[in-house]
Amino acid sequence: MRWIVFAFCLTCLLTDARAEDRSAVEGQFQIWLQETVWPRAKAKGVSRLTMQRAFEGVTLNWKLPDLVPPGSIAKTPQQQKQAEFGAPGRYFNANSIQGATAVGRQMARRHANFLAQVEAETGVPGRIILAIWGRESGYGQVAIRHDAFQVLGTKGFMSTRSAYFTEELIAALQIAQAGHAPPGRLKSSWAGAFGQPQFMPSNVLTYAVDGNRDGRLDIWGSTEDTIASIGNFLSAHGWVAGRDWGFEVSVPAHVSCALEGPDQGRSIQDWVDIGVTRVSGKPFPQHELQGEGYLKMPAGRYGPAFIVTPNFYVLKDYNKSDLYALFVGHVGDRIQFGVQDFNTGWDNIGTLYRSDIAAMQKSLESQGHDVGGIDGLPGYKTRRSIGRWQEGKGQPPTCFPKQGMKAALTQ
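Since the structure is predicted, the reported quantities are computational estimates derived from the model, not experimental observations.

Caption draft 1: Broad picture of the nonpolar core. Within the largest apolar cluster, 77 residues are counted, with the highest numbers of intra-cluster contacts made by Phe-55, Phe-194 and Leu-234. The element best represented in this core is helix α13 (residues 322–337), accounting for eight residues. Ranked by size, the runner-up nonpolar core spans 16 residues in total, among them Phe-247, Cys-257, Phe-284 and Met-297.

Caption draft 2: Expanded view of unusual backbone geometry. The phi dihedral of Tyr-139 falls on the positive side, at around 60°, and the residue is not glycine. As for its position among the elements, Tyr-139 is in the loop between α6 (126–137) and β1 (146–147). With a phi angle near 55°, Arg-213 is a residue other than glycine that sits in the positive phi range. For Arg-213, the location among the structural elements is in the loop between α9 (201–207) and α10 (223–236). Looking at Arg-213, the relative accessible area reads 66%, which means it is exposed.

Caption draft 3: Expanded view of helix α7 (residues 148–158). For α7, a buried count of 11 out of 11 residues is recorded, marking the element as mostly surrounded by other parts of the structure. Of the residues making up α7, those classed as buried are Ala-148, Phe-149, Gln-150, Val-151, Leu-152, Gly-153, Thr-154, Lys-155, Gly-156, Phe-157 and Met-158.

Caption draft 4: Molecular detail of the packing of aromatic side chains. On inspection of all chains with the given rule, the structure shows 23 aromatic pairs. The interplanar angle of 15° and the centroid separation of 5.4 Å between the aromatic rings of Phe-92 and Trp-346 together place this pair among those described as stacked. Within this pair, whereas Phe-92 is found in the loop between α3 (78–82) and α4 (94–110), its partner Trp-346 is found in the loop between α13 and α14 (354–366), the two being separated by 254 residues in sequence. For Phe-92, a relative accessible area of 12% puts it in the buried group. Since its relative accessible area comes to 23%, Trp-346 is described here as partly exposed.

Caption draft 5: Spatial organisation of the environment of Asp-263. Along the chain, Asp-263 falls in the loop between β3 (246–250) and β4 (266–267). For Asp-263, a relative accessible area of 49% gives the class partly exposed. Residues Asp-263 and Ile-335 lie 72 residues apart in sequence; the distance between their C-alpha atoms is 31 Å. Setting aside residues up to four positions removed in sequence, Asp-263 forms contacts with Tyr-380 and Arg-384.

Cut-offs used in this document
- Note that residues are indexed from 1 along each chain, following the sequence as it is written.
- Side-chain atom pairs in this predicted model are given and counted only at pLDDT of 80 or more, local residue features only at pLDDT of at least 70, and totals for whole chains, interfaces and linings cover all residues.
- In computing side-chain properties, one takes all heavy atoms of the structure into account and sets aside hydrogens as well as water.
- As used in this record, nonpolar core signifies buried Ala, Val, Leu, Ile, Met, Phe, Trp, Tyr and Cys residues forming a set joined through side-chain atoms within 4.5 Å.
- With a 1.4 Å probe rolled over the protein chains alone, any residue whose accessible area is under 20% of its type maximum counts as buried; one over 50% counts as exposed, and the rest are partly exposed.
- Working definition: helices are DSSP H or I runs of at least four residues, strands are E runs of at least two. Numbering for both runs from the N terminus.
- Two aromatic rings from Phe, Tyr or Trp, using only the six-membered ring of Trp, form a pair when their centres are within 6.5 Å; if the ring planes differ by under 30 degrees the pair is stacked, by over 60 it is edge-to-face, and anything between is tilted.
- Here, two residues are considered to be in contact whenever any of their heavy atoms come within 4.5 Å of each other.

These figures come from the coordinates and say nothing about function on their own.
Put into structure tokens, the structure is as follows:
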């Protein structure tokens, strides 16, 4: 019984200590807001009233990821190293694809005139704008629930990217000061992104457009502002008018998957000359042949392959993920052209853990390969390094980590 009482008391003491520690950090947070954030916000034209309203009743959100409380050291969580790596095919969930496509077609009809206007002004096809809108916020139907100033304040005060989020916090205060945000508490994603296009605050200030000309940058409630802002973002990041984003292709066995990557581009005609063809059986459009194209094989030889254009990498400026850019391009094509699923399916690659992939990356790097960093994620540099290692062993390159490969690489 005494041991039970002792354990109970110890638990109480630890809980009280944690509560006391957090209370002290909350106090430091309030000091940081007044001594660090307020002077910088004031210099950007933010009023004391706007600042007070933004942080009225706001406390730190301790549930957000990647937090580094004062006095602690940033650490990579053990579970992040061990987490199962999501196979690329999972990203293309049938329900997500079909939902984004069906609603996207409705939106294409409903907003045809305005989409055509934005396309004429920016060069960005309406189908691409629609696919991003659908992916980011379900065409404005997905609820965005987080208190923006709590998220940005917490991350600015104590996250692994505090400087970045402090800048975004000040941009959010500028947005509130200008009256662009809807009334009430300003909401964001858990990462601090705003509105239907899910722009970070600095991107709202830089790329948001008053599409309906009512004097506000209303990416929360205005369809016109949302469409125009997405188009403006892509245009400003270099969208090449008249070029597609990419094409699903068949890559014959004699063309190595290790040729993947934006640093190994060649004209699309050159890809044709070595045997790469469109899976549709159609030739590449004549106007694309002299433009540069890049091999993209997100699952190596275990999934569909693509020749992508510079516009694919503009989509990656919106979201750094290859799979995101493929999703947007594919859904856009489904909306406008009625294309079906990728011709090549995604193979079952088995259960992989980030720690296993990281071990492979470490071994490859020690052998002189550039894997793009040891992060447990098989990006194109890791994929092609695997392919080159396989070629060096006299094996057909598959360019993707699979079960059993770790033992062969690290022996």
